[in-house]
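As a plain string of letters, each chain reads:
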Amino acid sequence: AAAAAAAGVAGGGQSGVTRMILQPGSELFRAGEPVEAIYMVHRGELELFGGPGAAGDARTRLLPGDTVGLEQIRAGAVHGKSAVCVAPNTIVSLIPRATIEQLIDGHDFVSQQLRRHARRTVPINELERRAKVDIDGPGSHSSTMQAASERNRQQAAAAAGPGP
């Protein structure tokens, strides 16, 4: 994809896995391109956008730990959205389809784990639904984290008891 030319590529080797360091504006793939790999975000952020029937300017962020492409890795599938880097020094691993197929064919455990991971991977339609939620509104990641922090502070204060 275009990302390989725009990215600093580190790693690779015999495993078939390529670790890329992307800068803001670097394209990972475009909507309509064949799905030839899965991408795992290690650090930074990617943004998915566009594609057939895209409503308005709906964009979805992919954060560390997110994977894209696994649910679409079958032969003949195309990307439904484009992906672009939005944070400096974003690190992404590219795992080609051939490597995934070798792992599935040669290792039952790996095959089971990939299937399990594919079931946990957020489907594109769920990512689209999430993109429609106000990023700082109720139920967003930041508001959920703020609520959890507040609960932790309250629990700590209750455990400490009244002051002297």
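Because the structure is predicted, anything quoted here is derived from the model rather than measured.

Conventions and cut-offs
- Residues numbered from 1 in each chain as written.
- Predicted model: local features only at pLDDT ≥ 70, side-chain atom pairs only at ≥ 80, totals over all residues.
- Heavy atoms only, no water.
- Pairing = 2+ DSSP bridges.
- Helix = DSSP H or I, 4+ residues; strand = E, 2+ residues; numbered from the N terminus.
- pLDDT = per-residue confidence, 0-100.
- Contact = heavy atoms within 4.5 Å.
- Axes fitted to C-alpha atoms, helices over the stretch in contact; angles between N-to-C directions.
- Phe/Tyr/Trp six-rings, centres within 6.5 Å; stacked < 30°, edge-to-face > 60°.
- Salt bridge = Lys/Arg side-chain N within 4 Å of Asp/Glu carboxyl O.
- Buried < 20%, exposed > 50% of the residue type's maximum accessible area, 1.4 Å probe, protein only.

1. Points about the pairing of strand 4 (residues 37–43)
In step 1: Two strands pair when backbone bridges link them, and strand 4 and strand 9 (residues 90–96) are joined in this way by six bridges, in the antiparallel orientation. By the bridge assignment, Val41 is partnered in strand 9 with Val92.
In step 2: Two strands pair when backbone bridges link them, and strand 4 and strand 7 (residues 67–68) are joined in this way by two bridges, in the antiparallel orientation. Note that in strand 7 the partner of Met40 across the bridge is Thr67.

2. Considerations on the confidence of the model for the protein chain
In step 1: Across the protein chain, the average pLDDT comes to 74, with 55% of residues at 70 or higher.
In step 2: Under a pLDDT of 50 for its full length, residues 2–10 has, in the predicted model, 18 contacts with residues more than four places off or in other chains.
In step 3: Predicted confidence for residues 133–144 stays below pLDDT 50, and this span has nine contacts to residues more than four positions away or in other chains.

3. So, the sheet that holds strand 5 (residues 46–49)
In step 1: Spatial strand order, 3-8-5-6: four strands in an open sheet with antiparallel pairing. Either end of the sheet is taken by a strand with one partner, and the two such strands are strand 3 (27–29) and strand 6 (59–62). In this sheet, neighbouring strand axes are inclined to one another by 30° on average, regardless of whether the strands run parallel or antiparallel.

4. Let's talk about the packing of aromatic side chains
In step 1: The full count for this structure, using the stated rule, is one aromatic pair.
In step 2: Measuring from centroid to centroid gives 5.3 Å for Phe29 and Tyr39, while their planes differ by 35°, and the two rings are tilted. Within this pair, whereas Phe29 is found in strand 3, its partner Tyr39 is found in strand 4, the two being separated by ten residues in sequence.

5. Observations regarding the pattern of salt bridges
A side chain of one charge can pair with a side chain of the opposite charge when the charged atoms of the two come close.
In step 1: Scanning all chains against the criterion turns up five salt bridges.
In step 2: Across the pair Arg97 and Glu36 runs a salt bridge, and its minimum N-O distance is 3.4 Å. Placement of the pair is Arg97 in helix 2 (residues 97–106) and Glu36 in the loop between strand 3 and strand 4, with a sequence separation of 61 residues.
In step 3: Judged by relative accessible area, Arg97 falls into the buried class, the value being 11%.
In step 4: For Glu36, a relative accessible area of 45% gives the class partly exposed.
In step 5: Between Glu47 and Arg61 there is a salt bridge, with its nearest N and O atoms 3.0 Å apart.

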